[in-house]
Amino acid sequence: MDKFANKKVGIMGGAFNPFHIGHLRHAIEIAEELELDAIDLLVSYNHPQKEGLLPFELRIQCIEKSIQHLDFIHINRIEENICGLSYTDIILTEWKKMHPEAIPYFLMGIEDFKNLPTWHNGLTLHTLANLIVVARLGKTAKDFYQIAQDYWSHCTISEENSSLPLTKQKKVKLFLEDQCICTFISIPTLEIDATSIRKHWSRKRNIKGLVHDDVISFLDKEQEIIKKYWN
């Protein structure tokens, strides 16, 4: 039986090199805001835009140690079995074949939304899943709508609170031909990035509070392997 059947599932993709507290809080905040039943982490196997990735299994183990007490967050290893580069549209197509009765929500930051035209079939992703765009770096619903209009000139939006200007909206829905294809949300975020964590770790600086304590112990245990990728 499909564990995601008839459930609202947030699909969160990434290299997770490594998975950190920012990722964890991001998943929790989105799940609560959108009342999702689950978060499915799609771990990149061959990321088309990343170099210096830790081996897939090491990244998986870091995630397992980070979510061990959160049963609504799952790890998806689908990319292990896909040949070639792991483009998002290909992954989502395969995901839907595995979970035909699930209701998928694909999560991305507004910076990724802005770069959708550079993605492989990026402007068709809304046909595969509900898109969820998360505010970052001071960007607002107004910025989101301006970007969307460049892609779909006839799109419209529905505001959560009509008494507020677009710059103050915490959630807006984007419609194309009367169908909601995307939702913009503003949630609390932790500005933590994996690049800084890798640099801190390589320089033997303290990364406590940036990743789960069990991940720190694991990185120390596997340091001879990890040095080959992060130095």
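Structure: see above.
Quick caveat: nothing in here was measured; it's all calculated off a predicted structure.

**Quick notes on the overall build of the protein**
Across its full length, the protein holds eight helices and eight strands. Structurally, the protein occupies a C-alpha span of about 55 × 40 × 35 Å along its principal axes. Counting every position in the protein, which comprises 231 residues, the buried fraction comes to 47%. For the protein, contacts bridging at least 24 residues in sequence account for 69% of all contacts bridging at least 6. Per element, the accessible surface of the protein, about 12200 Å² overall, is 47% carbon and sulfur. Positive and negative side-chain charges in the protein, numbering 27 and 31 respectively, have mean positions lying 7 Å apart.

**Focus: the pattern of salt bridges**
Going through the model one piece at a time under the given rule, you end up with nine salt bridges. Among the salt bridges present, the one from E29 reaches R25, with a minimum N-O distance of 2.9 Å. Here R25 and E29 lie together in helix α1 (residues 21-34), a separation of four residues that amounts to about one turn. Since its relative accessible area comes to 16%, E29 is described here as buried. One salt bridge connects R136 with E191, and the closest N-O pair in it is separated by 3.1 Å.

**Here we look at the packing of helix α6 (residues 194-202) against helix α8 (residues 223-230)**
At a closest axis distance of 11 Å, the pairing of α6 and α8 adopts a crossing angle of 120 degrees. Considered as vectors, α6 and α8 are oriented oblique to each other. Classified by chirality, the crossing of α8 by α6 is left-handed. Facing R198, W201 and S202 of α6, the residues of α8 in contact are Q223, I226, K227 and W230. Residue classes in the contact of α6 with α8 are distributed as three nonpolar, two polar and two charged.

**Brief notes about the sheet that holds strand β7 (residues 171-176)**
Judged by pairing direction, the sheet is mixed, and its eight strands sit side by side in the order β3-β2-β1-β4-β5-β8-β7-β6 without closing on themselves. Every other strand in the sheet has two partners, leaving β3 (73-76) and β6 (156-159) as the edge strands with one partner each. Neighbouring strand axes in the sheet, compared pairwise and without regard to direction, differ in orientation by 30 degrees on average. Against the sheet, helix α2 (residues 56-66) makes contact with β2 (38-43) and β3, and its axis sits at roughly 160 degrees relative to β2, the strand it touches most.

**Topic: the packing of helix α7 (residues 213-221) against α8**
At a minimum axis distance of 5 Å, the contact between α7 and α8 shows a crossing angle of 90 degrees. The orientation of α7 with respect to α8, classified from their angle, is roughly perpendicular. In this structure, α7 uses L219, D220 and K221 to contact α8, whose residues at the interface are Q223, I226 and W230. Here the contact of α7 with α8 is built from residues that sort into three nonpolar, one polar and two charged.

**Digging into the packing of aromatic side chains**
Taken as a whole and assessed by the stated rule, the structure comprises nine aromatic pairs. The interplanar angle of 40 degrees and the centroid separation of 6.4 Å between the aromatic rings of F113 and W152 together place this pair among those described as tilted. Of this pair, F113 sits in helix α4 (residues 110-114) while W152 sits in the loop between α5 (141-151) and β6, placing them 39 residues apart in sequence. Accessibility classification places F113 together with W152 in one group, the buried group.

Calculation notes
- Residues numbered from 1 in each chain as written.
- Predicted model: local features only at pLDDT ≥ 70, side-chain atom pairs only at ≥ 80, totals over all residues.
- Heavy atoms only, no water.
- Helix = DSSP H or I, 4+ residues; strand = E, 2+ residues; numbered from the N terminus.
- Buried < 20%, exposed > 50% of the residue type's maximum accessible area, 1.4 Å probe, protein only.
- Contact = heavy atoms within 4.5 Å.
- Areas by Shrake-Rupley, 256 points an atom, 1.4 Å probe, with all protein chains shown as cover.
- Lys, Arg positive; Asp, Glu negative; His and termini not counted.
- Charge placed at Lys NZ, Arg CZ, Asp CG, Glu CD.
- Salt bridge = Lys/Arg side-chain N within 4 Å of Asp/Glu carboxyl O.
- Axes fitted to C-alpha atoms, helices over the stretch in contact; angles between N-to-C directions.
- Parallel < 35°, antiparallel > 145°, perpendicular 65-115°, else oblique.
- Left-handed = near helix turned anticlockwise from the far one by under 90°.
- Nonpolar A, V, L, I, M, F, W, Y, C, P; charged D, E, K, R; others polar.
- Pairing = 2+ DSSP bridges.
- Phe/Tyr/Trp six-rings, centres within 6.5 Å; stacked < 30°, edge-to-face > 60°.

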